[in-house]
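As a plain string of letters, each chain reads:
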Amino acid sequence: DAAEKAYVFRAPPRALDALAAAGVDVVSMANNHGLDFGEVGLADSLAAEQATGMPVIGIGTNAAEAYAPQTFTVRGQRVAVIGATQVLDDALITDWTATDTHRGLASAKQVERLLAEVRSARATHDTSFQPPIAWRTARDGRRPALVITHSPSARGASASAASSISSPPARR
């Protein structure tokens, strides 16, 4: 079932293939729509990551996975990309934030946890990068479902997908 929110988003698993084909190197699902379809949506997203091989950051079966960086080597430099969201409805923070024993998102509201991961990445990488959290309104008044941000990756793009990657609901 969908979250009790004004807007919820769901994308098919093939969305990760489309992003890979477009040259995207890593996708962050740490955003305010990352768990719009709860445990089922999260499981579908994690399965899609495994099936496609597209690196996904910002979600996981626990906090260690959710906060873990994706590492790239760019022109001889080790780069860590970390995904976390600061946009979570207060009522959803506990249910949606990954912990040591709970699936979920990497939350920037868990400041000490995020800072620990950034410090750890900085100690073992030449550069660490947390894509900016875009929250702009389009000219038509709607927010974008996909934000492409420049990153120091080999192909030059990372994606912050504003939806869970899920199979469409079964038809009845």
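What counts, and where the lines are drawn
As a convention, each chain's residues are numbered from 1 in the sequence order in which they are written. The predicted nature of this model means local features are confined to residues of pLDDT at least 70 and side-chain atom pairs, given and counted, to a pLDDT of 80 or more, with totals for whole chains, interfaces and linings taken over all residues. Each side-chain value is worked out from all heavy atoms of the structure, with water and hydrogens disregarded. Only DSSP runs of H or I with at least four residues qualify as helices, and only runs of E with at least two residues qualify as strands; both kinds are numbered from the N terminus onward. Each residue gets one of three labels from its accessible area relative to the maximum for its type: buried under 20%, exposed over 50%, partly exposed in between, using a 1.4 Å probe on protein chains only. Contacts: residue pairs with any heavy atoms within 4.5 Å of one another. Note on areas: Shrake-Rupley, 1.4 Å probe, and residue coverage restricted to the protein chains presented here. Every case where a carboxyl oxygen of Asp or Glu lies within 4 Å of a side-chain nitrogen of Lys or Arg is listed as a salt bridge. Side-chain rings of Phe, Tyr and Trp, where Trp is taken by its six-membered ring, are said to pair if the distance between their centres is within 6.5 Å; with planes under 30 degrees apart they count as stacked, over 60 as edge-to-face, and otherwise as tilted. Put simply, a charge is over a ring when the Lys NZ or the Arg CZ is close to the ring centre, within 6 Å, and near the line of the ring normal, within 35 degrees. The pairing criterion is simple: DSSP has to find at least two bridges between the two strands. Nitrogen and oxygen atoms within 3.5 Å of one another constitute a polar contact, given that in protein one can donate a hydrogen and the other can accept it, and given that sequence-neighbouring residues count only through two side-chain atoms. A helix is expected to reach a length of 1.5 Å times the quantity of its residues less one. An arc is given here, and it is the one of the directions from the helix axis to the C-beta atoms.

1. Remarks on the overall build of the protein chain
Now for step 1: Within the protein chain one finds five helices and 11 strands.
Now for step 2: Per-residue burial over the protein chain gives 44% buried out of 172 residues.
Now for step 3: Long-range contacts, defined as pairs at least 24 residues apart, comprise 70% of the intrachain contacts of the protein chain with a sequence gap of at least 6.
Now for step 4: Within the structure as shown, the protein chain displays about 9,500 Å² of accessible surface, and the carbon and sulfur contribution to it stands at 50%.

2. What about the pattern of salt bridges?
Now for step 1: Applying the stated rule across the entire model yields five salt bridges.
Now for step 2: A salt bridge links R113 to D100; the nearest nitrogen and oxygen atoms lie 3.5 Å apart. Placement of the pair is R113 in helix α5 (residues 111-124) and D100 in the loop between α4 (93-96) and β7 (104-105), with a sequence separation of 13 residues.
Now for step 3: With relative accessibility at 27%, the residue R113 sits in the partly exposed group.
Now for step 4: Residue R113 is joined to E117 by a salt bridge in which the shortest nitrogen-to-oxygen separation is 3.3 Å. With a gap of four residues between them, R113 and E117 both fall in helix α5, about one helical turn apart.
Now for step 5: A relative accessible area of 18% places E117 in the buried class.

3. Things to note about the packing of aromatic side chains
Now for step 1: For the coordinates displayed, the defined rule picks out zero aromatic pairs.
Now for step 2: When the ring centre of F37 is taken as reference, the NZ or CZ atom of R10 above it lies at 4.2 Å.

4. Some details on the pairing of strand β6 (residues 77-81)
Now for step 1: Here five bridges tie strand β5 (residues 70-74) to β6, and the two strands are oriented antiparallel to one another. Its bridge partner being in β6, V74 is matched across the sheet by Q77.

5. A few points about the side chain of H125
Now for step 1: Relative to the elements of secondary structure, H125 occurs in the loop between α5 and β8 (127-129).
Now for step 2: In terms of polar contacts, H125 uses its side chain to reach the side chain of T71, at 2.8 Å.
Now for step 3: Separated by 3.3 Å, the side chains of H125 and R78 make a polar contact.
Now for step 4: Aside from chain neighbours lying at most four places away, what touches H125 is T71, R78, V79 and A80.

6. Concerning unusual backbone geometry
Now for step 1: In the Ramachandran plot, R75 falls in the positive-phi region, its phi being about 50 degrees despite a non-glycine side chain.
Now for step 2: Note that R75 resides in the loop between β5 and β6.
Now for step 3: Take R75: its relative accessible area is 82%, and that puts it in the exposed class.

7. Remarks on helix α2 (residues 38-52)
Now for step 1: Here α2 spans 21 Å end to end across 15 residues, near enough to the 21 Å set by a 1.5 Å rise per residue.
Now for step 2: Residues G41, L42, S45, L46, A48 and E49 constitute the buried set of α2. Angularly, the buried residues of α2 cover 155 degrees about the axis, an arc narrow enough to put them on a single face. Residues of α2 that are exposed and angled more than 90 degrees away from the buried face: V40, Q50 and A51.
Now for step 3: The first or second residue beyond α2 is G53, which carries a positive phi of 80 degrees.

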